[in-house]
Amino acid sequence: AQSVTQLGSHVSVSEGALVLLRCNYSSSVPPYLFWYVQYPNQGLQLLLKYTSAATLVKGINGFEAEFKKSETSFHLTKPSAHMSDAAEYFCAVSTASGNTPLVFGKGTRLSVIA
Amino acid sequence: EPEVTQTPSHQVTQMGQEVILRCVPISNHLYFYWYRQILGQKVEFLVSFYNNEISEKSEIFDDQFSVERPDGSNFTLKIRSTKLEDSAMYFCASRETGGYGYTFGSGTRLTVV
């Protein structure tokens, strides 16, 4: 079975500061990993995904994440936060071995302070 | 860019009524999913569908729920007798073969009163 743990249900950063959202996964087989963003009253938008190619993955809106197998982590970062980054962020895990449903973490709400 | 389309965006129904939530997945995708998100909580898997049958379902997906792909394009989720606790945002997703590339619709907010 797979699972995702997102450390910190709420993260607050100042505008222009580094954004770091933490995600650790558990998977018995090689994982595929995803970060989704949800703006208020909207759906889930894919930010980036790791699918066993490069371990440093770049996504939309200046976000990137690094897959670290030894740490079972897939933390999301952005060098400089913008007010528009305020949203809920979900880490999710799946596998390439078959029709495995995406399993989501509980989410981290990012607040950006002016 | 191809999209997953969900209708309606918001539905209000009385407890005990049947509701059908509709989704049009991306045309060349073969795997289809329903997820739900109760307000303020995590996104939870309900059911996956492949080759015209359910491939996996969670414990949430009990006998009150059913899915169907009636015409080769739509993918529906039916709740036979809604309960207050069914109030949630329901997301449809589709996936291309290969284990990645999940695309989610914008959701249907179901409110049971």
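Everything numeric here is computed off the predicted structure, so don't read it as measured data.

**Description of the overall build of chain B**
- Counting secondary structure elements, chain B contains zero helices and 11 strands.
- When the helices and strands of chain B are read in sequence order from the N terminus, they spell out β-β-β-β-β-β-β-β-β-β-β.
- Here the C-alpha radius of gyration of chain B, 13 Å, is about what a compact globule of 113 residues would show, namely 13 Å.
- Overall, chain B is about 40 × 25 × 25 Å in size when its C-alpha atoms are taken along their principal axes.

**Let's talk about the nonpolar core**
- The biggest cluster of nonpolar side chains holds 27 residues, and the ones touching the most others in it are Trp35, Leu48, Leu76 and Tyr89 of chain A.
- Listed by contribution, the elements that provide at least two residues to this core are strand 2 (10-14), strand 3 (19-26), strand 4 (31-38), strand 5 (45-50), strand 7 (64-68), strand 8 (73-78), strand 9 (87-95) and strand 11 (108-113) of chain A.
- Core analysis: the next-biggest nonpolar cluster, separate from the first, contains 23 residues, Val4, Trp34, Val67 and Ala88 of chain B among them.

**As for the interface of chain A and chain B**
- On the side of chain B, 22 residues touch chain A, which itself brings 22 residues to the contact.
- Across the contact surface, chain A and chain B share five residue pairs in polar contact (both at pLDDT 80 or more).
- When residues of the side of chain A that touches chain B are traced back to their parent elements, those giving at least two are strand 4 and strand 9 of chain A.
- Broken down by element, the side of chain A that touches chain B gets its largest block of residues, four residues, from strand 4 of chain A.

**Remarks on the pattern of salt bridges**
- A full pass over the atoms with the stated rule returns four salt bridges over all chains.
- One salt bridge in this structure joins Glu88 of chain A and Arg109 of chain A, with 3.5 Å as the shortest N-O distance. Within this pair, whereas Glu88 of chain A is found in strand 9, its partner Arg109 of chain A is found in strand 11, the two being separated by 21 residues in sequence.
- Classification of Glu88 of chain A as buried rests on a relative accessible area of 16%.
- Overall, the relative accessible area of 47% leaves Arg109 of chain A in the partly exposed class.
- Its salt-bridge partner being Glu44 of chain B, residue Arg36 of chain B comes within 3.2 Å of it at the nearest N-O pair.
- On the basis of relative accessible area, Arg36 of chain B is assigned to the buried category, the value being 10%.
- Classification of Glu44 of chain B as partly exposed rests on a relative accessible area of 22%.

**Topic: the state of the cysteines**
- Enumeration according to the criterion identifies two disulfides over all chains in this entry.
- The disulfide partner of Cys23 of chain A is Cys91 of chain A, and the S-S distance across this bridge is 2.0 Å. Taking the torsion about the S-S bond as the criterion, the Cys23 of chain A to Cys91 of chain A disulfide, at about -65 degrees, is left-handed. Of this pair, Cys23 of chain A sits in strand 3 while Cys91 of chain A sits in strand 9, and the two are 68 residues apart along the sequence. Like Cys23 of chain A, the residue Cys91 of chain A is buried in the burial classification.
- Paired by a disulfide, Cys23 of chain B and Cys92 of chain B hold their sulfur atoms 1.9 Å apart. In this structure the cystine formed by Cys23 of chain B and Cys92 of chain B twists about its S-S bond by roughly -65 degrees; its chirality is therefore left-handed. Highlighted residues: Cys23 of chain B in strand 3 (residues 19-24) and Cys92 of chain B in strand 9 (residues 88-95), separated in sequence by 69 residues. Like Cys92 of chain B, Cys23 of chain B is buried.

Each value, and the rule that gives it
- Residues numbered from 1 in each chain as written.
- Chains lettered and ligands numbered in written order.
- Predicted model: local features only at pLDDT ≥ 70, side-chain atom pairs only at ≥ 80, totals over all residues.
- Heavy atoms only, no water.
- Helix = DSSP H or I, 4+ residues; strand = E, 2+ residues; numbered from the N terminus.
- Rg over C-alpha atoms; globule rule 2.2 N^0.38 Å.
- Core = buried A, V, L, I, M, F, W, Y, C linked by side-chain atoms within 4.5 Å.
- Buried < 20%, exposed > 50% of the residue type's maximum accessible area, 1.4 Å probe, protein only.
- Contact = heavy atoms within 4.5 Å.
- Polar contact = N/O pair within 3.5 Å; in protein donor to acceptor, adjacent residues only side chain to side chain.
- Salt bridge = Lys/Arg side-chain N within 4 Å of Asp/Glu carboxyl O.
- Disulfide = S-S within 2.5 Å.

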